[in-house]
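# Chain and residue survey
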Amino acid sequence: MHGRSVLILGTRGIPAAHGGFETFAEHLALFLVDRGWKVGVYCQDQRAVSGSRLMTETWRGIDLLHVAVPSEGPLSTLVFDWHCVRDAARRDAVNLVLGYNGAAFLPYLRLHGRRVVTNMDGIEWRRAKWGMAAKTWFWTNEWIAAWTSHRMIADHPAIADHLATRRARAATAMIPYGSDMVTDAPVEPVTALGLSPQDYLVSIARLEPDNSILPMVEGFSRRPRGKKLAVLGNLDPAIPYHRALLDAAGPEVVFTGGLYDPAQVQALRFHAFTYLHGHTVGGTNPSLVESLAAGNAVIAHDNAFNRWTAGAAARFFRTGDEFVAALEARLAERREPGEVRAIAWREAARFDWPSVLGAYEAQLLEQTRPAVAPDREPRPAEASLGRPAASAGPPPEIAVPTRGPAE
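Here is a short report on the structure shown in this document.

Calculation criteria
Residues numbered from 1 in each chain as written. Predicted model: local features only at pLDDT ≥ 70, side-chain atom pairs only at ≥ 80, totals over all residues. Heavy atoms only, no water. Helix = DSSP H or I, 4+ residues; strand = E, 2+ residues; numbered from the N terminus. Contact = heavy atoms within 4.5 Å. Buried < 20%, exposed > 50% of the residue type's maximum accessible area, 1.4 Å probe, protein only. Polar contact = N/O pair within 3.5 Å; in protein donor to acceptor, adjacent residues only side chain to side chain. Expected span 1.5 Å × (residues − 1). Arc of directions from axis to C-beta. Phe/Tyr/Trp six-rings, centres within 6.5 Å; stacked < 30°, edge-to-face > 60°. Lys NZ or Arg CZ within 6 Å of the ring centre and 35° of its normal. Axes fitted to C-alpha atoms, helices over the stretch in contact; angles between N-to-C directions. Parallel < 35°, antiparallel > 145°, perpendicular 65-115°, else oblique. Left-handed = near helix turned anticlockwise from the far one by under 90°. Nonpolar A, V, L, I, M, F, W, Y, C, P; charged D, E, K, R; others polar.

## Let's talk about the environment of Leu214
Mapped onto the fold, Leu214 is located in helix H7 (residues 213-220). Distance in space between the C-alpha atoms of Leu214 and Tyr241 is 8.0 Å, their sequence separation being 27 residues. Setting aside residues no more than four positions away along its own chain, Leu214 makes contact with Tyr241, Ala244, Leu245 and Ala248.

## A closer look at the side chain of Glu142
Position of Glu142 relative to the elements: it lies in helix H4 (residues 132-148). Owing to a relative accessible area of 1%, Glu142 belongs among the buried residues under this scheme. A polar contact is formed between the side chain of Glu142 and the side chain of Arg166, at a distance of 2.7 Å. Once you skip the residues sitting within four places of it in the chain, Glu142 turns out to touch Tyr100, Met120, Ile123, Trp125, His162 and Arg166.

## Things to note about helix H12 (residues 320-332)
Taking 1.5 Å of rise per residue, 13 residues should cover 18 Å, and H12 covers 18 Å from first to last C-alpha, within 8% of that figure. Among all positions of H12, only Phe323, Val324, Ala326, Leu327, Arg330 and Leu331 are buried. Buried residues of H12, viewed axially, fall in a sector of 165 degrees; they line one side. With respect to the buried face of H12, the exposed residues turned more than 90 degrees away are Asp321 and Ala332. Each element contacted by the buried residues of H12 is listed here: strand E9 (200-204), H7, strand E12 (274-277), strand E13 (298-301), strand E14 (314-317) and helix H13 (337-348).

## Quick word on the packing of aromatic side chains
Both the distance between ring centres and the angle between the ring planes are used here to describe each pair of aromatic rings. This structure, assessed with the given rule, holds 9 aromatic pairs. Ring plane angle 25 degrees and centroid distance 6.2 Å describe the contact between Phe24 and Trp353, whose orientation is recorded as stacked. On the criterion of sequence distance, the pair formed by Phe24 in helix H1 (residues 20-34) and Trp353 in helix H14 (residues 353-367) is long-range, its members being 329 residues apart. Of the residues examined, Phe24 reaches a relative accessible area of 3% and is grouped as buried. On the basis of relative accessible area, Trp353 is assigned to the buried category, the value being 4%. For the ring pair Tyr177 and Trp353, a centre distance of 5.2 Å and an interplane angle of 65 degrees mean the geometry is edge-to-face. Taken together, the positions of Tyr177 in the loop between strand E8 (172-174) and helix H6 (188-191) and Trp353 in helix H14 put the pair 176 residues apart, joining distant regions of the chain. Like Trp353, Tyr177 is buried. Each member of the aromatic cluster is reached from another via a ring pair, and the members are Phe24, Tyr177, Trp353 and Tyr360. Arg167 extends its terminal NZ or CZ atom over the ring of Trp147, reaching a point 5.6 Å from the ring centre. When the ring centre of Phe316 is taken as reference, the NZ or CZ atom of Arg307 above it lies at 4.2 Å.

## Some details on the packing of H7 against H12
Look at H7 against H12: their axes get within 9 Å of each other, and the N-to-C directions meet at 55 degrees. It follows that H7 is oblique to H12 by the angle criterion. The interaxial crossing formed by H7 with H12 has right-handed handedness. Contacts from Pro215, Met216, Gly219 and Phe220 in H7 reach Phe323, Val324 and Leu327 in H12. Grouping the constituent residues of the contact of H7 with H12 by class yields 6 nonpolar, 1 polar and no charged.

Following this line, the structure appears as structure tokens:
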């Protein structure tokens, strides 16, 4: 491959307005452009196809490759992924793919001689919300991504352990998610929601069963707490799980709906008394890392992913009763906010963006060099950031099925 050129696939696009992968893609693209890379990011546009499906514009030195997809939903995402891959196959660049949900198309890139680096995200097929057909699709795509990618990126030691059951461990680099330290934030975004600094707890997650939203809302609402609980996320009363949340919520629970302004969400984190993190599946979750960087005390679901990430900044729970015990212990604390923030910031220091982005650049540079022999695995990855893997302990919840996905 000629020169330093990278294409970023797998997100809705930048500037970031949706989630963790988009935020990461924006940070990485800007970082690489500043270091002399030619960077292209594919962006999904919901619009009718008239003339060319692909339109290009430049934003802060980055080529934004807008792909028209006239509909929305899971099928439209696959259509978008396919057209991104078809276009990327014609360009001379390393392909950084964020997530493996469309990995069925990656062999097309390999057939055209392109180098592929894939961030393998979490173990999507283990999420309770998916039916058997969806789990089978994700499980199959995970295997395809593992064997099609020249390098896999795991954002957590437990994910790296899981990927080692797919392919030799030397094929994977462990690089966590990143965040900027937040040392101040305006109070107006908080007061606009009827909240007061240090007088509320906050949950920032999709309102789904595998994020433990219902047991947290139920536990918080068992009796008056003297503080509010702000629950972010799109709420649709027609969805049974969302209806159950509304039925379980006491008068101190505030459903804010989906909030996508990064400054507003950052302010809600910074001024919160405690951040609630119920995620049961995933790696180094962006919301948890960003809450640590905002100086939050944390109450988190007890699993290898969250323990490794939050460390001493968190209390942990598995059951509803354990959540209530952790909640009441936190409410009874008399630690000053400055002491709480110092603990969280110590944990967050392991996830600083410069180290994370530098590690990604090293992996991309490796793919600009002559290819390894086809009958050999790549040499062991040098990137490994954050707490040593041994501290996470063995993650029993990611046992590998022998025939297909199963709960």
